[in-house]
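# Results of the structural survey
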Amino acid sequence: VKQFFSGDKEPANGPIKDLKGKKLLITAGPTREKIDPVRYISNHSTGKMGYAIAEAARDRGAEVVLISGPTALARPTGVTFVPVESVQSMYQAVMDELPDSDIVIKAAAVSDYRPSEVHEHKMKKTGNLTLELEKAPDILYEIGQRKVGQFVVGFAAETQDVLAYAADKMKRKNVDMIVANNVLQEGAGMGADTNIVTILSRDGDQIEVGKMSKRAVAEKLLDVVLEKLHARPGTHTL
């Protein structure tokens, strides 16, 4: 089933408190994997999407825990803010908060690999350098394995075959929903103030969200999460 949304409309009388009584665990930003005291491996994530989701959820009445890698953004007020740097530190923070969370939205761009050795002192220039990398903890996969009733949303930032890769990720990571986008598309992806996404869910729905502000995308995402939660067997109210 395909649906399409566009525009930045918000409720005339302010946000509805439809997430009151629920705890949302949200991750945002990049991670940094140290090579030596002055160098690290990271990515272009700014955290804007995750922060927008945290602020939208807060305004809709949720208890929000925002676990964030290093960003230049101001810390949102009214949320529990947990700053982290490495994949390992984000992994531990997420696992600490997971058991009593109701909804998990993992918007962080986490490093897939990290240096197998972290040098104690600054490495000197001696010619070509080969870095040996090892797999970093897969936070979304671990959430998918450990969840007990939590509704879990992942993100898939891709550059080709976006929907195919996103659907495969949703299945492999055992999550309920994936938000996919093409980071090469103008107006979408890391660093932009807008986004263009497709929301895929386990029930087969494919919801296309046209170009809009990241806050508006966050609101639409929360709308869809609530719709899917209401549709769960045995779920009548939130």
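Above this text is the structure in question.
Everything numeric in this text was worked out from a predicted model, so none of it was measured. (Residues numbered from 1 in each chain as written. Predicted model: local features only at pLDDT ≥ 70, side-chain atom pairs only at ≥ 80, totals over all residues. Heavy atoms only, no water.)

## Considering the overall build of the protein chain
If you tally the helices and strands in the protein chain, you get five helices and 13 strands. At 18 Å, the protein chain has a C-alpha radius of gyration in line with the 18 Å of a compact globule built from 238 residues. When the backbone C-alpha atoms are referred to their principal axes, the protein chain occupies close to 60 × 35 × 35 Å. Within the protein chain, contacts between residues separated by at least 24 positions form 64% of all contacts whose residues are at least 6 apart in sequence. Total accessible area on the protein chain is roughly 12,400 Å²; 48% of this is exposed by carbon and sulfur atoms. Computed over 32 positive and 32 negative side-chain charges, the inter-centroid distance for the protein chain is 1 Å. (Helix = DSSP H or I, 4+ residues; strand = E, 2+ residues; numbered from the N terminus. Rg over C-alpha atoms; globule rule 2.2 N^0.38 Å. Contact = heavy atoms within 4.5 Å. Areas by Shrake-Rupley, 256 points an atom, 1.4 Å probe, with all protein chains shown as cover. Lys, Arg positive; Asp, Glu negative; His and termini not counted. Charge placed at Lys NZ, Arg CZ, Asp CG, Glu CD.)

## Quick notes on the packing of aromatic side chains
Tallying each qualifying case throughout the model produces one aromatic pair. With a centroid separation of 6.3 Å and an interplanar angle of 70°, the aromatic rings of Tyr51 and Phe81 are classed as edge-to-face. Taken together, the residues span a long stretch of sequence, with Tyr51 in helix α1 (residues 48-59) and Phe81 in strand β6 (residues 80-83) at a distance of 30 residues. (Phe/Tyr/Trp six-rings, centres within 6.5 Å; stacked < 30°, edge-to-face > 60°.)

## Notes on the environment of Ala188
Structurally, the position occupied by Ala188 is in the loop between β11 (177-182) and β12 (194-201). For the pair formed by Ala188 and Lys211, sequence separation is 23 residues and the distance between their alpha carbons is 7.5 Å. Ignoring sequence-local partners within four residues, the contact set of Ala188 consists of Asn182, Val183, Thr194, Asn195 and Ile196.

## Concerning the nonpolar core
Leu24, Ile26, Ile53, Ile105, Ile199 and Leu221 are the most contacted members of the largest nonpolar core, which has 38 residues in total. Looking at which element gives the most residues to this core, the answer is helix α5 (residues 214-231), with nine residues. Setting aside its immediate chain neighbours within four residues, Ile105 contacts Leu24, Leu25, Ile26, Thr27, Ile53, Val153, Phe155, Leu221 and Leu222. Ranked by size, the runner-up nonpolar core spans 27 residues in total, among them Ala93, Val110, Val162 and Ala180. (Core = buried A, V, L, I, M, F, W, Y, C linked by side-chain atoms within 4.5 Å. Buried < 20%, exposed > 50% of the residue type's maximum accessible area, 1.4 Å probe, protein only.)

## Remarks on the pattern of salt bridges
One pass over the full model with this rule turns up 19 salt bridges. Here Glu97 ties to Lys23 by a salt bridge, and the two come within 2.7 Å at their closest N and O atoms. Taken as a pair, Glu97 in helix α2 (residues 87-97) and Lys23 in strand β2 (residues 23-28) lie far apart in primary sequence, 74 residues in all. A salt bridge links Asp100 to Lys23, with the shortest nitrogen-to-oxygen separation between them at 2.8 Å. (Salt bridge = Lys/Arg side-chain N within 4 Å of Asp/Glu carboxyl O.)

## Structural notes on helix α3 (residues 139-146)
Within α3, burial applies to Ile139, Leu140, Ile143 and Gly144. For α3, the buried positions fall inside an angular range of 140° around the axis, keeping them on one side. Buried positions along α3 lie against α2, β7 (103-106), β10 (151-158) and α4 (162-173). Capping the start of α3, Asp138 holds a side-chain oxygen 3.5 Å from the backbone nitrogen of Leu140, two or three residues further along. (Arc of directions from axis to C-beta. Polar contact = N/O pair within 3.5 Å; in protein donor to acceptor, adjacent residues only side chain to side chain.)

## Quick notes on the packing of α3 against α4
As a packed pair, α3 and α4 sit with axes 8 Å apart at the nearest point and diverge in direction by 50°. Considering the angle they form, α3 stands oblique to α4. Between α3 and α4, the contacting residues are Leu140, Tyr141 and Gly144 on the first element and Lys169, Arg172 and Lys173 on the second. Counted by class, the contact of α3 with α4 contains two nonpolar, one polar and three charged residues. (Axes fitted to C-alpha atoms, helices over the stretch in contact; angles between N-to-C directions. Parallel < 35°, antiparallel > 145°, perpendicular 65-115°, else oblique. Nonpolar A, V, L, I, M, F, W, Y, C, P; charged D, E, K, R; others polar.)

Without other data, these values stay purely geometric and don't point to any function.
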